[in-house]
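Architecture and fold: a report
Letter by letter, the chains look like this.
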Amino acid sequence: MRGVSHVPDNAAEVTGAAGAAEVTAAGIARLAGVGRAAVSNWRRRHADFPKPVGGTETSPSFALGDVERWLRAQGKLAEVPLRERVWQQVTAHPAGAVTALVHAGCALLLVRDRSSGWLKLTALSDERMAELLPTALEEVLTLRFGVERAVPTPHLSALLPSVPLLRAVTELAAETGARQAFEFLLGRHLDANPRQYTLTPPGPAALMAELAGRAETVLDPACGTGALLCAVARPTAVYAQETDRDLAALTALRLALHSEAEIRAQVGDALRADAYLGLTADAVLCHPPFNERNWGHDELAYDPRWEYGFPARTESELAWVQHALARLRPGGTAVLLMPPAAASRRSGRRIRADLLRRGALRAVVALPAGAAPPYGIPLHLWVLRKPVTGAPASPELLVVDASEHTDARRDKLDWQAVHNAVLDAWGPFDKHGTVTEQPGAHRCVPVIELLDDDVDLAPARHLPPQAAAGGADELAAVRDRLTAVLRRTGELTPPPVRPAARTAPLRAPGVTVGELARTGALELRAGGAGGAGGAGGAGGGTGGTGAVPVLTEQDVLAGQAPSGSLPEGPGEQPVLVRAGDVVVPVLGGGSIARVVDDATAGAALGRNLQLLRPDPAALDPWFLAGFLRGTANNRQASSYASTATRLDVRRLQLPRLPLAEQQRYGERFRALAEFEEALRLTGRLGERLVRGMYDGLTDGTVEA
């Protein structure tokens with residue numbers, strides 16, 4: 001896990017000087033708890049809406065004070081939530097968001113470790129407080145991180161613009177706690193700058209920490225935002241190194257606020273400039289940079305860390321593997337997240353062979369695609385153990401394939417199943433040196449079998465296949481269910497099409513969704529909370545809570561249950577869907593509208609979705625959804641960009657009909673939706689049966 005050089009917050013929602021903050025339309029929407037479309041509507045409808053003071057024509061910015069006054073005058077804002085005000089101060093800091101976050105983290109550390117001293121400082125003027133803060137921070141930072149550290153003590157001139165922010169962030173800490181306040185701000189920053197950082201999600205981070213076992217001293221030599229080190233339970237000493245200076249400071253502060261352990265964090269490239277030459281840690285956790293050619297191949301040819309062979313220029317991951325082993329005590333464990341190519345590239349076969357011969361490589365685990373970036377490929381975990389002098393090398397390698405553990409209903413990773421599959425195999429193997437083979441899941445492979453010309457360690461190549469679809473009995477059950485669904489599909493098939501009694505298309509007076517919203521016949525809300533997969537914004541500190549699922553755009557398109565998750569900690573208030581709501585995707589150009597049922601009610605509305613909440617006394621939801629799906633209706637309400645189509649829901653039209661007539665249409669639309677769902681289920685069952693029959697015929701579990 002790593003970060004790249006800091007780039008200013010171009011995507012930030014608030015800009016400008018600390019005393020004259022500017023806010024974009026996205027920031028206004030967040031303040032008022034509405035969608036961005038509502039802000040655009042306010043600008044069109046209200047002549048007194050504040051005029052832009054900056055930004056661009058397509059993305060203007062407004063004076064925050066003017067916006068707050070207008071929102072209060074309109075009754076749309078009682079008071080800016082404290083967390084939003086603090087975030088605005090972070091993004092509006094004249095030295096940039098990263099500097100603001102570092103200063104905030106230092107202050108939070110001072111509040112937590114020297115609360116009485118902080119209270120005395122807050123009683124002073126801003127200027128006097130800025131004069132005394134460097135001395136107070138120097139003491140607490142030295143005590144927490146040592147003299148040589150990644151977090152420099154801020155000086156007077158840098159701290160003076162930050163004093164209002166520091167007062168506000170400590171007020172937020174009084175509400176939520178110091179750690180939670182920093183996690184919230186860091187998570188917002190990472191979310192606003194997604195391309196600057198490579199994050200390790202909480203699922204693989206927790207699994208890697210469990211595979212490493214109980215460890216008092218832990219090292220991450222490419223720590224990024226510190227997710228792996230935060231996942232370790234109760235360490236006594238934590239060592240981190242990161243090439244990016246800003247990210248190293250943020251991570252050090254995050255770790256210090258997260259744990260009472262001794263924290264040592266340094267800036268630098270661990271391969272070229274190792275900050276911990278004499279360290280012998282109990283465990284090393286690492287999500288190293290992948291596929292780097294410029295990792296130091298030319299200048300590190302005679303480095304003593306290459307105990308298992310000098311890595312080729314194309315094998316940077318094997319350099320990180322040997323670096324991790326070099327920093328372990330004998331018997332210590334290292335767990336690295338690796339690209340699958342590292343298990344089979346010919347350029348690395350000699351190093352892999354020596355790792356096996358000497359018993360250093362203990363297990364290779366294949367994770368499902370989507371576990372961590374890059375999300376398109378199924379990454380591996382390598383579990384290594386530093387050999388103990390005189391102890392015999394293990395004769396077997398554990399291979400585990402957890403790549404199939406996804407929730408078929410939600411098309412997302414089932415992390416609990418992944419954890420169980422991996423740890424149920426690793427636990428007995430770690431304790432006894434062997435584990436009972438489970439076809440398709442895990443196996444102990446004799447090292448002698450692997451030492452061929454390729455030394456290919458990909459788990460799938462060494463596992464006997466699992467019985468096809470649970471065996472012939474399960475295939476028969478799938479066939480019976482498919483037959484029943486096909487029969488029901490026939491029953492649900494719409495009746496023969498009859499020509500309409502009228503010779504011309506329906507000519508009832510039309511009304512747009514926008515007009516219905518203005519008259520109160522329906523309510524419009526935009527989605528924005530959470531996302532599919534629950535990849536936490538702060539790389540482990542903002543993982544999904546699991547309490548409220550999120551209905552994502554993909555869920556609506558696929559007709560499946562909510563599959564997203566909300567971020568942890570304080571954040572924007574999600575829009576919760578109710579039974580009878582109509583949800584419409586706004587990107588992609590498809591004609592889809594879904595009526596929320598009782599099973600989906602209570603989920604949060606995800607990004608790129610528009611919610612229409614009809615007044616049941618005025619609008620039938622099935623009538624509404626049915627007419628929204630009309631092809632011509634969608635075509636006239638869509639706009640086109642170079643790479644995408646966007647639906648303006650307010651321009652969609654409905655015929656103006658009495659409620660009884662709406663309900664008659666609604667019954668037909670409801671029947672069509674039920675037929676559509678039966679067709680989806682038929683397709684899924686058919687694919688499952690065909691796949692199972694192919695597998696059964698090829699592996700002999702089904703007779704020809």
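Up top is the structure these notes are about.
An account of the accompanying structure is given in this report. (Residues numbered from 1 in each chain as written. Predicted model: local features only at pLDDT ≥ 70, side-chain atom pairs only at ≥ 80, totals over all residues. Heavy atoms only, no water.)

A look at the packing of helix α18 (residues 472–492) against helix α23 (residues 659–699)
Orientation of α18 relative to α23, taken along the N-to-C sense of each, is 155 degrees, at an axis distance of 9 Å. With respect to each other, α18 and α23 are oriented roughly antiparallel. As for how α18 packs across α23, the hand of that crossing is left-handed. Of α23, the residues touching α18 (which contributes E474, L475, V478, R479, R481, L482, V485, L486, R488, T489 and L492) are E674, F675, A678, L679, L681, T682, L685, G686, R688, L689, G692 and M693. A per-class count over the contact of α18 with α23 returns 13 nonpolar, four polar and six charged. (Axes fitted to C-alpha atoms, helices over the stretch in contact; angles between N-to-C directions. Helix = DSSP H or I, 4+ residues; strand = E, 2+ residues; numbered from the N terminus. Parallel < 35°, antiparallel > 145°, perpendicular 65-115°, else oblique. Left-handed = near helix turned anticlockwise from the far one by under 90°. Contact = heavy atoms within 4.5 Å. Nonpolar A, V, L, I, M, F, W, Y, C, P; charged D, E, K, R; others polar.)

Concerning the sheet that holds strand β19 (residues 522–526)
Here four strands make up an open sheet; going across it, the order is β19-β26-β23-β24 and the pairing antiparallel. The open sheet has two edge strands with one neighbour each: β19 and β24 (594–595). Bridge analysis of β19 against strand β26 (residues 609–614) gives five bridges, and the strand direction is antiparallel. For R525, the partnering residue across the bridge sits in β26 and is L611. On top of the sheet, helix α21 (residues 621–628) reaches β19, β23 (582–585), β24 and β26; it is set at about 15 degrees to β23, its chief contact. (Pairing = 2+ DSSP bridges.)

Examining the pairing of strand β11 (residues 328–338)
Here β11 lies mainly inside the structure; eight of its eleven residues are buried. As paired elements, strand β10 (residues 281–286) and β11 share five bridges and run parallel to each other. Its bridge partner being in β11, C286 is matched across the sheet by L336. For the crossover that starts at β10, traverses helix α14 (residues 316–326) and ends in the parallel β11, the hand is right-handed. (Buried < 20%, exposed > 50% of the residue type's maximum accessible area, 1.4 Å probe, protein only. Right-handed = clockwise from strand over helix to strand, strands pointing away.)

Thoughts on a positive patch on the surface
Among the surface-exposed residues, R44, R45, K76 and R518 lie close enough to one another that they form a single positively charged patch. Within the fold, R44 resides in helix α2 (residues 36–45). (Patch = residues over 30% accessible without salt bridge, like charges linked within 9 Å, V, L, I, M, F, W, Y side chains within 5 Å. Areas by Shrake-Rupley, 256 points an atom, 1.4 Å probe, with all protein chains shown as cover. Salt bridge = Lys/Arg side-chain N within 4 Å of Asp/Glu carboxyl O. Lys, Arg positive; Asp, Glu negative; His and termini not counted. Charge placed at Lys NZ, Arg CZ, Asp CG, Glu CD.)

Looking at the packing of aromatic side chains
A complete count under the given rule lists eleven aromatic pairs for this structure. Aromatic pair W426 and F429: ring centres 6.0 Å apart, planes at 45 degrees, arrangement tilted. Of the two residues, W426 and F429 both sit in helix α16 (residues 415–432), three residues apart, roughly one turn of that helix. Given a relative accessible area of 6%, W426 falls into the buried group. These aromatic residues form a ring-pair network of at least three members: W42, F49, F62 and W70. Lying over the aromatic face of Y665, R664 brings its terminal NZ or CZ to 5.4 Å of the ring centre. (Phe/Tyr/Trp six-rings, centres within 6.5 Å; stacked < 30°, edge-to-face > 60°. Lys NZ or Arg CZ within 6 Å of the ring centre and 35° of its normal.)

Focus on unusual backbone geometry
The omega angle of the peptide bond from P373 to P374 is -5 degrees, so this bond is cis rather than trans. Mapped onto the elements, P374 comes out in the loop between β12 (361–366) and β13 (380–385). Positive phi values are uncommon outside glycine, yet R234 reaches one of about 50 degrees. When you line up the elements, R234 lands in the loop between α12 (227–230) and β8 (237–242). Note on R234: relative accessible area 66%, which makes it exposed. You will see that N608, though not glycine, has its phi angle at about 60 degrees, which is positive. Position of N608 relative to the elements: it lies in the loop between β25 (604–605) and β26.

Topic: the pattern of salt bridges
Inspection of every chain in the model, using the stated rule, returns 34 salt bridges. Across the salt bridge formed by R305 and D303, the nearest N and O atoms sit 2.8 Å from each other. The residues R305 and D303 share a single accessibility class, namely buried. A network of salt bridges, in which partner residues are shared, links R629, E676, E677, R680 and R684.

A word on the pairing of strand β5 (residues 60–63)
Regular strands have side chains that alternate between both faces of the sheet. Across two bridges, strand β4 (residues 54–55) lies against β5 in antiparallel orientation. If you follow G54 over to β5, its bridge partner there is S61. Between β4 and the antiparallel strand that follows it, β5, lie four residues.

Focus: the sheet that holds strand β7 (residues 217–220)
The nine strands lie next to each other as β9-β8-β7-β10-β11-β13-β12-β14-β17, forming an open sheet whose pairing is mixed. In this open sheet, the two strands that pair with only one neighbour each are β9 (262–267) and β17 (442–446). Looking at each pair of strands side by side, their axes are set apart by 15 degrees on average, direction ignored. Note that β7 and β8 share four bridges and pair parallel. Within β8, the residue paired with T217 across the bridge is A237. Packed onto the sheet, helix α13 (residues 245–258) meets β8 and β9 and runs at close to 175 degrees relative to β9. Set on the sheet, helix α15 (residues 349–357) makes contact with β12, β13 and β14 (396–401); between it and β13 the angle comes to about 50 degrees.

Focus on the packing of helix α4 (residues 82–91) against helix α9 (residues 163–176)
Running from N to C, α4 and α9 cross one another at 150 degrees; their axes reach a closest spacing of 9 Å. Of the possible angle classes, the one that applies to α4 and α9 is roughly antiparallel. The element α4 and its partner α9 pack so that their crossing is left-handed. Between α4 and α9, the residues in contact are L82, R83, V86, Q89 and V90 and P164, L165, A168, V169, E171, L172 and E175, respectively. Looking at the contact of α4 with α9 residue by residue, the class counts come to eight nonpolar, one polar and three charged.

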